[in-house]
Amino acid sequence: MTDQQFVLEASGVVKRYAAHTALNGVSIQVPKQSIFGLLGPNGAGKTSLIRIINQITGPDEGSVMIDGERLKPKHIEDIGYLPEERGLYKKMKVGEQCVYLAQLKGMKKSEAKKELQEWFEKFEISEWWGKKVEELSKGMAQKVQFITTILHRPKILILDEPFSGFDPINTNLIKQEILKLRDEGATIMLSTHNMGSVEEICDDITLINKSQNILSGSMSQIKKDFSKKEYDITFKGNVVAFANSFWGGFELISREQIDKDVFTAKVRLMDHVKLNDFLNGVIPSVELQSVLPVVPTMNDIFIDAVGKDQGNNNVTEDQGASQTTEGGEDE
Amino acid sequence: MSKIGLIIKREYGSRVRKKSFIIMTLLGPLLIVGFYALAGIVGLSDSTEMKVLLLDDTYLANSKDFSESADFTFETFNGNLDSLQETIKKDSETPLVGLHITTQTINGDANIYYNKPLSVSKESELISLVTQFTQKLRLKKAEIEPEQYEYISVDMRVISVDVNTGDSKVGVTAGIGFMFALVIYMFIFMYGVMVMRGVIEEKTSRIVEIMVSSVRPFQLMMGKIFGIALVGLTQFFVWVVLSGILMAVVSSAVMPDVFDAANVAGGSEQMISEQLKPAMETGQNERMNEILMEIFNAPWALLLGLFVFYFLGGYLLYASLFAAVGSAVDSETETQQFMLPITIPLIFGFIVSMMSVFNPGGEAIVWLSYIPLTSPVAMLVRVAGGDYAWWEVVISMVTLVLTFILTTKLAAKIYKTGILMYGKKITYKELFKWLRYK
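Just so you know, these numbers come straight off a predicted model, no measurement behind them. (Residues numbered from 1 in each chain as written. Chains lettered and ligands numbered in written order. Predicted model: local features only at pLDDT ≥ 70, side-chain atom pairs only at ≥ 80, totals over all residues. Heavy atoms only, no water.)

A. Looking closely at the overall build of chain A. Each helix and strand counted, chain A has 10 helices and 14 strands in total. Taking the principal axes of the C-alpha coordinates as reference, chain A spans close to 75 × 50 × 40 Å. In chain A, which comprises 331 residues, the share counted as buried stands at 51%. In the structure as shown, chain A presents an accessible area of about 15400 Å², 49% of it carried by carbon and sulfur atoms. (Helix = DSSP H or I, 4+ residues; strand = E, 2+ residues; numbered from the N terminus. Buried < 20%, exposed > 50% of the residue type's maximum accessible area, 1.4 Å probe, protein only. Areas by Shrake-Rupley, 256 points an atom, 1.4 Å probe, with all protein chains shown as cover.)

B. Up close: helix α1 (residues 3-16) of chain B. Residues and elements named next belong to chain B. Taking 1.5 Å of rise per residue, 14 residues should cover 20 Å, and α1 covers 20 Å from first to last C-alpha, within 8% of that figure. Counting buried positions along α1 yields 10 of 14 residues, so the element is predominantly enclosed. If you check which residues of α1 are buried, you get Lys-3, Gly-5, Leu-6, Ile-7, Ile-8, Arg-10, Glu-11, Gly-13, Arg-15 and Val-16. (Expected span 1.5 Å × (residues − 1).)

C. Examining the interface of chain A and chain B more closely. Counting from both sides, the interface comprises 36 residues of chain A and, opposite them, 29 residues of chain B. Between chain A and chain B, roughly 3000 Å² of surface is buried when both sides are summed, and carbon and sulfur atoms account for 57% of that area. When the buried area of chain A at its contact with chain B is split by residue, A:Ile56, A:Tyr89 and A:Leu104 rank highest and sum to 23% of it. Here chain A and chain B share three salt bridges between them. Where chain A meets chain B, there are seven residue pairs in polar contact (both at pLDDT 80 or more). Considering each element in turn, the side of chain A that touches chain B owes the most residues, six residues, to helix α2 (residues 94-104) of chain A. The class makeup of the residues in the side of chain A that touches chain B is 13 nonpolar, 12 polar and 11 charged. (Contact = heavy atoms within 4.5 Å. Buried area = accessible area lost by both parts, 1.4 Å probe. Salt bridge = Lys/Arg side-chain N within 4 Å of Asp/Glu carboxyl O. Polar contact = N/O pair within 3.5 Å; in protein donor to acceptor, adjacent residues only side chain to side chain. Nonpolar A, V, L, I, M, F, W, Y, C, P; charged D, E, K, R; others polar.)

D. Looking closely at a nonpolar patch on the surface. Taken together, the side chains of B:Trp390, B:Trp391, B:Val394, B:Ile395, B:Val398 and B:Leu402 make up a nonpolar region of the molecular surface, amounting to roughly 640 Å² of accessible area. If you trace the backbone, B:Trp390 turns up in helix α16 (residues 390-418). (Patch = residues over 30% accessible without salt bridge, like charges linked within 9 Å, V, L, I, M, F, W, Y side chains within 5 Å.)

E. Structural view of the packing of aromatic side chains. Residues and elements named next belong to chain B. For the structure shown, the criterion picks out 22 aromatic pairs over all chains. Their ring planes at 75° and their centres at 5.0 Å tell us that Phe-338 and Tyr-428 sit as a pair that is edge-to-face. Taken together, the residues Phe-338 in helix α13 (residues 336-355) and Tyr-428 in helix α17 (residues 428-434) connect sequence positions 90 residues apart. Classification of Tyr-428 by relative accessible area gives partly exposed; the value is 35%. Put simply, the rings of Phe-180, Phe-187, Tyr-191, Phe-236, Trp-239, Phe-307, Phe-311 and Tyr-315 touch in pairs and so form one group of aromatic residues. (Phe/Tyr/Trp six-rings, centres within 6.5 Å; stacked < 30°, edge-to-face > 60°.)

F. Geometry of the packing of helix α4 (residues 138-150) of chain A against helix α5 (residues 168-183) of chain A. Residue and element names in this part refer to chain A. Packing of α4 against α5 brings their axes to within 12 Å, and their N-to-C directions diverge by 5°. Considering the angle they form, α4 stands roughly parallel to α5. Where α4 approaches α5, its residues Lys-143, Phe-146 and Ile-150 are matched on the opposing element by Asn-170, Leu-173, Ile-174, Glu-177, Ile-178 and Leu-181. For the contact of α4 with α5, the residue count by class is six nonpolar, one polar and two charged. (Axes fitted to C-alpha atoms, helices over the stretch in contact; angles between N-to-C directions. Parallel < 35°, antiparallel > 145°, perpendicular 65-115°, else oblique.)

G. Structural view of unusual backbone geometry. The phi torsion at A:Lys210 lies on the positive side, around 50°, for a residue other than glycine. Within the element layout of this structure, A:Lys210 appears in the loop between β9 (204-209) and β10 (212-218).

H. The arrangement of α2(A) in detail. Among the 11 residues of α2(A), 10 are classified as buried, and the element is accordingly described as predominantly covered. Turning to α2(A), its buried residues are A:Val94, A:Gly95, A:Gln97, A:Cys98, A:Val99, A:Tyr100, A:Leu101, A:Ala102, A:Gln103 and A:Leu104. Structurally, α2(A) contributes buried residues whose contacts are with α3 (109-122) and α4 of chain A together with α1 and α7 (207-212) of chain B. Just beyond α2(A), the residue with positive phi is A:Gly106, at close to 100°.

I. Broad picture of the sheet that holds strand β14 (residues 287-293) of chain A. Residues and elements named next belong to chain A. Pairing in this open sheet of four strands is antiparallel, and the strands run β12-β13-β11-β14 from one edge to the other. Of all strands in the sheet, those with a lone pairing partner are β12 (250-257) and β14, marking the two edges. Across the sheet, the mean angle from the axis of one strand to that of its neighbour is 25°, orientation sign disregarded. Direction of pairing for strand β11 (residues 230-236) relative to β14: antiparallel, over a ladder of six bridges. What sits directly across from Tyr-231, in β14, is Pro-293. (Pairing = 2+ DSSP bridges.)

J. Just the pattern of salt bridges, in detail. Counted by the stated rule, this structure contains 25 salt bridges over all chains. Two residues, A:Arg268 and A:Glu251, come together in a salt bridge whose shortest N-O distance is 3.7 Å. Pair noted here: A:Arg268 is in strand β13 (residues 262-269) and A:Glu251 is in strand β12, with a separation of 17 residues, a long-range link. Judged by relative accessible area, A:Arg268 falls into the partly exposed class, the value being 28%. One salt bridge connects B:Lys224 with B:Glu202, and the closest N-O pair in it is separated by 3.4 Å. Of the two residues, B:Lys224 sits in helix α8 (residues 217-253) while B:Glu202 sits in helix α6 (residues 173-204), which places them 22 residues apart along the sequence. As far as burial versus exposure is concerned, B:Lys224 and B:Glu202 are alike and both buried. Through salt bridges with shared partners, a single ionic network connects B:Arg10, B:Glu11, B:Arg15, B:Glu202 and B:Lys224.

Here it is in structure tokens:
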């Protein structure tokens, strides 16, 4: 990992507001050309971190590096940011506004216009070009905003809840575009509470809780770390025989009758027990039909990790309660 | 184009293309000129001849004594007061006036009865006729020949000359200064509030977070402030040009006299010079000529230059404060608690300026012309009034510039934090905390 080039790296970032500390030594490392999930409960400090990366606010301590360089004003054009709290100028025309936002990101007017028209065609919204923003529905406006975020082909895309307000078809369209952008070389930071989409598209994640990161790493590693040696075992035979076949080596969490003499049992193996030994133990008693490892979902991992963190912090848990909405939290 | 240039362009373009702006800008001068024209029609240029019934209890007067007027025809009325009133009341068609001269008239008392209200000019003309009549009575009683009286009553034409500059004046230029002060005051308010609304709009529509990821909050704030300043200057320029044209057209075509008065208030150079000629030729109304000459000779270049400077300086100072207020609230209704400290100095400066028109060297206005929160409104009254030294203007200008740099910096800090803060009622204590955030 050490020699890997991180396109975005934050180390020991601290951000204090009057009443509370929004970020308390948060570090993240985003590998190039990956989709990085920035997760955490409401008020954890995600938006504060994103704002620092976007140079909207500055950190009190710590540093942010882009391509190994300390954050500078010129980096603004390398980043495309889709904030969670987003909007457009209501009285402006859609096309005009997109061109304006693209120009602010450093694009030439003619170039912006040309590329916008391509995107509008791709998203099948060409007829909205001359409409006023206030005439658009929420989903329509979201599409327009997504286009303005990615139009200038930024190296880094920061998407805060990019799927909210979209129907499943459009959600899928956006997902495909995000994956495509990554394949074309972009690095994407995704902040969302939609664990399903995290699971689907993220390569790495960081979980922030109470202004600190509590979990970081690649998706597969984290899943492995959080798996609890649980298996769904479907077999034909006697449940009692199954339960008694491997004494003391496992715990029967639940069972479900599939057919007359077919059951699926969810078991958790003891730490010292190998799956092989367990299977050897039960094979004489029942006829196995399938053995499936139970992989924890991101949802489980999220709840598990945050829950554990809450438990650990219970003793010193006073400043958390006084968290206000200062800094514009992500409710 | 630079980012701030793009923002200025958008802020300016989106506002000058608004229907309300176009209508206001085009209708403004029409309304002003229309107002004067209306005032002229109602109050000044009432040229219909009117019959006056003269009821004389003293038998000293007869209708010939009053025959000098072209606007009135006098007719001696035989009867008493009741029948006079009755006669006037009966004739509801034509305007009819009764003038009652009693034994008290020589002491300065007379009554006028009418069936239709008299215009201000008609009434004052009638009063001056009665006054002349009474003066004649008194001259006779005091055995003074009319020639002697004419010799005694002097109409002084005093010209005061400033020995430092050699300028002479009759004292109306401070009024010109006040006119500029009024425009500055109005514009600071109008466009300051426009800045505030713009900030609130960006905040409530949530575009602001997208904007600040592309430009620095300071650029966004200054772009808006400069863009709206250009809107203000555009509107002012259009108003001046349109008013000038309209007044020239109306005054030369319709009512030359009325617009002598309009010029004093409207103040356009070209207009004055046009008006000056006929007035001088007829040789009447010398006082009016002096006033017009003085308006004509006022240091227009200096005043206009200072106007632009103080308008921009004052606007920049206040607009940044208005922007800070806009950033701290979620809707316009919440702005009140923060508006008061901003509006009070502005209103105070305006009131003192208004009172200082006839005393431009007074102590209060001198102080206010140094204080940057009031100097944009106060200084022009002093400069136009002529009682100032150049270094005083320089001090006032430098303080204004330094202060707006300072307030803009402070406002930018509040703005930066405020625009990203939603759903929270902000107190003054918090605003001060924001000044410390990075």
